[in-house]
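Given next are the chains, with one letter for each unit.
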Amino acid sequence: MKSIEILAPATMMPLVMERLGEAFTLHDLRTVADADAFRRERGKAIRGLAVGGHVRIDEAFLKDYPNVEIISNFGVGYDSVDVKFVASKNIVVTNTPDVLTEEVADTCLGLLLMTVRELPQSERWLRAGNWVNKGPYPLTHTTLRGATVGIIGLGRIGKAIARRLDAFDVKIAYHNRRPVEGVPYAYHASLKELAAAVDILISVAPGGPETHHMIDAGVFEALGPKGIFINIGRGSAVDEPAMVEALKTRKIHSVGLDVFEFEPKVPAELIAMEHVVLLPHVGSGTHHTRNLMGQLLVDNMTGWFSGKGPKTPVSETPWPR
Ligand code: NAP
């Protein structure tokens, strides 16, 4: 397979670069001396792309690489790929589902507890010497006791979050486009109705045009002034200015966010707020899980070019066709 040329439009983790580099002729677009010359001279030779969500892969990008057969994506979310266009060109897209599910669910529960019980704020209180000088950290108004938690996106990760929440003895409800068979949780066909029915709303919905800004001012209004919003899915699913406004006007109580609309940029207004919890997209961020994701990306690429087929094609580009 060494004669097959593949491209990483942005440098990926060392495991991916090393293993792809061993199997294929791998080009790293960020390190080529002259990207325009590269596109002109090698563009037609590129048969596979290894991508990680940093570069938009669409018609404009692919016009320089007309012979791409596979786009192997690092991560379960592949909203940076225009999958409709790509599918129309018979290009296969793969992602890295399942191997990150439990890690992301763990992070979500951590973020949920941090936000509900104000754990980062109370830690800051201790470090600032306030425990000694001012006394105990104030009691929190919010608690998981007696709470109902709503999940937007009861898929692989959503179900793993729900399994963990079961142990916390809270009520669970959810919203998807379709109800999930065989789960004991209350289904809400309307997102706004779910928000109105719960104390804490968790989004683990994917990105992309279908979910763009679906969590909007109306949803925050329905969640209410004691409500907490947690986002571990995609930032683009949230109307960020509407969320900031809801926080400023106390239409909702607090938020805990691992994802943002324009990462790594986080609105300055959010950073200035003491009562929210902000994480830099660390959902799957352990060596253990990122290595499994990297290996799955490599296995998809080698599976394709060895004729075995991709291991985890996305639903829009099923395999076998
Ligand atoms: P999944 O199994 O495909 O689950 C996605 C869920 O979202 C499904 O239950 C789906 O149900 C629902 N959904 C999709 N489109 C919807 C819409 N328009 N309205 C309402 N519900 C919708 O995916 P997963 O493996 O759980 O991953 C979910 C997402 O988590 C990924 O796409 C990614 O963006 C995010 N993620 C974040 C991190 C992180 O580090 N923070 C890490 C991994 C993944 P229906 O099809 O019935 O609507």
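Scroll up to find the structure this text is about.
Residues numbered from 1 in each chain as written. Predicted model: local features only at pLDDT ≥ 70, side-chain atom pairs only at ≥ 80, totals over all residues. Heavy atoms only, no water.

Asker: Account for the nonpolar core, with residues named and values stated.
Answerer: If you look at the biggest cluster of nonpolar residues, it comprises 51 residues, and the most contacted ones within it are Leu-20, Ile-151, Ile-161, Leu-165, Ile-200 and Ile-202. Those residues in contact with Leu-165, other than ones at most four positions away along the chain, are Leu-109, Leu-112, Val-149, Ile-151, Val-170, Ile-172 and Ile-202. Leu-191, Ala-205, Met-243 and Val-276 belong to the second-largest nonpolar core, a separate cluster that totals 26 residues. (Core = buried A, V, L, I, M, F, W, Y, C linked by side-chain atoms within 4.5 Å. Buried < 20%, exposed > 50% of the residue type's maximum accessible area, 1.4 Å probe, protein only. Contact = heavy atoms within 4.5 Å.)

Asker: Would you mind going over the site of the ligand in detail, with residue names and values included?
Answerer: Near the ligand there are 26 residues, and of these Arg-156, Ile-157, Arg-177, Ile-232 and Asp-258 occur at the shortest range. Measuring from an oxygen atom of the ligand, one finds a backbone N or O atom of Leu-154 at 3.4 Å. One nitrogen or oxygen atom from the main chain of Gly-155 is found 3.1 Å from an oxygen atom belonging to the ligand. For the shell around the ligand, a count of residues per class yields 10 nonpolar, 10 polar and six charged. (Near = heavy atom within 4 Å. Polar contact = N/O pair within 3.5 Å; in protein donor to acceptor, adjacent residues only side chain to side chain. Nonpolar A, V, L, I, M, F, W, Y, C, P; charged D, E, K, R; others polar.)

Asker: Give a detailed account of the packing of helix α5 (residues 101–116) against helix α8 (residues 156–167), specifying residues and quantitative values.
Answerer: Running from N to C, α5 and α8 cross one another at 50°; their axes reach a closest spacing of 9 Å. Here α5 is positioned oblique relative to α8, judged by the angle of their axes. The chirality of how α5 crosses α8 is right-handed. Residues Thr-101, Glu-102, Val-104, Ala-105, Asp-106, Cys-108, Leu-109 and Leu-112 of α5 touch α8, and the partners they reach there are Arg-156, Ile-157, Ala-160, Ile-161, Arg-163, Arg-164 and Leu-165. Classifying every residue of the contact of α5 with α8 by side-chain character gives nine nonpolar, one polar and five charged. (Axes fitted to C-alpha atoms, helices over the stretch in contact; angles between N-to-C directions. Helix = DSSP H or I, 4+ residues; strand = E, 2+ residues; numbered from the N terminus. Parallel < 35°, antiparallel > 145°, perpendicular 65-115°, else oblique. Left-handed = near helix turned anticlockwise from the far one by under 90°.)

Asker: Quick one: what's the story with empty space enclosed by the protein, residue by residue and with numbers?
Answerer: Scanning the model with the defined rule gives one cavity of 30 Å³ or more in all. When its volume is computed, the largest cavity comes out at roughly 50 Å³. Lining the largest cavity are Pro-9, Ala-10, Thr-11, Met-12, Ala-50, Val-51, Gly-52, Gly-53, His-54 and Val-55. Looking at side-chain class alone, the lining of the largest cavity contains six nonpolar, four polar and no charged residues. (1 Å grid on protein atoms, 1.4 Å probe; cavity = no way out; pocket = protein on both sides within 12 Å on 5 of 7 lines; lining within 4 Å. Points joined across faces, edges and corners; volume = space filled by probe spheres on them.)

Asker: Tell me about the sheet that holds strand β3 (residues 46–51), and please be specific about residues and values.
Answerer: Read from one edge to the other, the open sheet built from five strands follows the order β2-β1-β3-β4-β5, with strand pairing classed as parallel. On the outer flanks of this sheet lie β2 (25–28) and β5 (92–94), each paired with one strand and no other. Recorded for the sheet is a direction-independent mean angle of 20° between the axes of neighbouring strands. Relative to strand β4 (residues 70–73), β3 runs parallel, the two sharing four bridges. (Pairing = 2+ DSSP bridges.)

Asker: How would you summarise the packing of aromatic side chains if you had to cite specific residues and measurements?
Answerer: All told, the structure shown has six aromatic pairs when counted by the stated rule. Where Phe-220 meets Phe-229, the ring centres are 5.5 Å apart and the plane angle is 80°; that geometry is what we call edge-to-face. As far as the burial class goes, Phe-220 and Phe-229 line up, both buried. (Phe/Tyr/Trp six-rings, centres within 6.5 Å; stacked < 30°, edge-to-face > 60°.)

Asker: Can you break down helix α11 (residues 240–248) residue by residue, with the values?
Answerer: Looking only at α11, the buried set comprises Glu-240, Ala-242, Met-243, Val-244, Ala-246 and Leu-247. Each element contacted by the buried residues of α11 is listed here: α10 (217–223), β10 (228–231), β11 (254–257) and α12 (268–271). Two residues or fewer after α11 comes Arg-250, characterised by a positive phi angle close to 55°.

Asker: So, the pattern of salt bridges: which residues are in play, and what are the values?
Answerer: Tallied over the entire structure, the rule returns 15 salt bridges. In this structure, Glu-123 engages Arg-127 in a salt bridge whose closest nitrogen and oxygen atoms are separated by 2.9 Å. Here Glu-123 pairs with Arg-127, and both are found in helix α6 (residues 119–127), just four residues apart, close to one helical turn. Classification of Glu-123 as partly exposed rests on a relative accessible area of 40%. Ionic pairing is found between Glu-269 and Lys-248, a salt bridge with its closest N-O pair at 2.6 Å. With Glu-269 in helix α12 and Lys-248 in helix α11, the pair connects residues that are 21 residues apart, well separated along the chain. The class for Lys-248 is partly exposed, based on a relative accessible area of 47%. (Salt bridge = Lys/Arg side-chain N within 4 Å of Asp/Glu carboxyl O.)

Asker: For the side chain of Thr-211, give the residues involved together with the corresponding values.
Answerer: Of note, Thr-211 is situated in the loop between β9 (200–203) and α10. If near-sequence neighbours (up to four positions away) are discounted, Thr-211 is found in contact with Pro-206, Ser-236 and Ala-237.

Asker: Tell me about the packing of helix α1 (residues 14–23) against helix α13 (residues 287–305), and please be specific about residues and values.
Answerer: Any two packed helices are characterised by how steeply their axes cross, that is the angle between the axes, and by the distance between the axes. In contact at an axis separation of 9 Å, α1 and α13 are set at 25° when each is read in the N-to-C sense. By the criterion of interaxial angle, the relationship of α1 to α13 is roughly parallel. When the axes of α1 and α13 are compared, the crossing they make is right-handed. Residue-level contacts link Leu-15, Val-16, Arg-19, Leu-20 and Ala-23 of α1 to Asn-291, Gly-294, Gln-295, Leu-297, Val-298, Met-301 and Thr-302 of α13. Split by residue class, the contact of α1 with α13 holds seven nonpolar, four polar and one charged.

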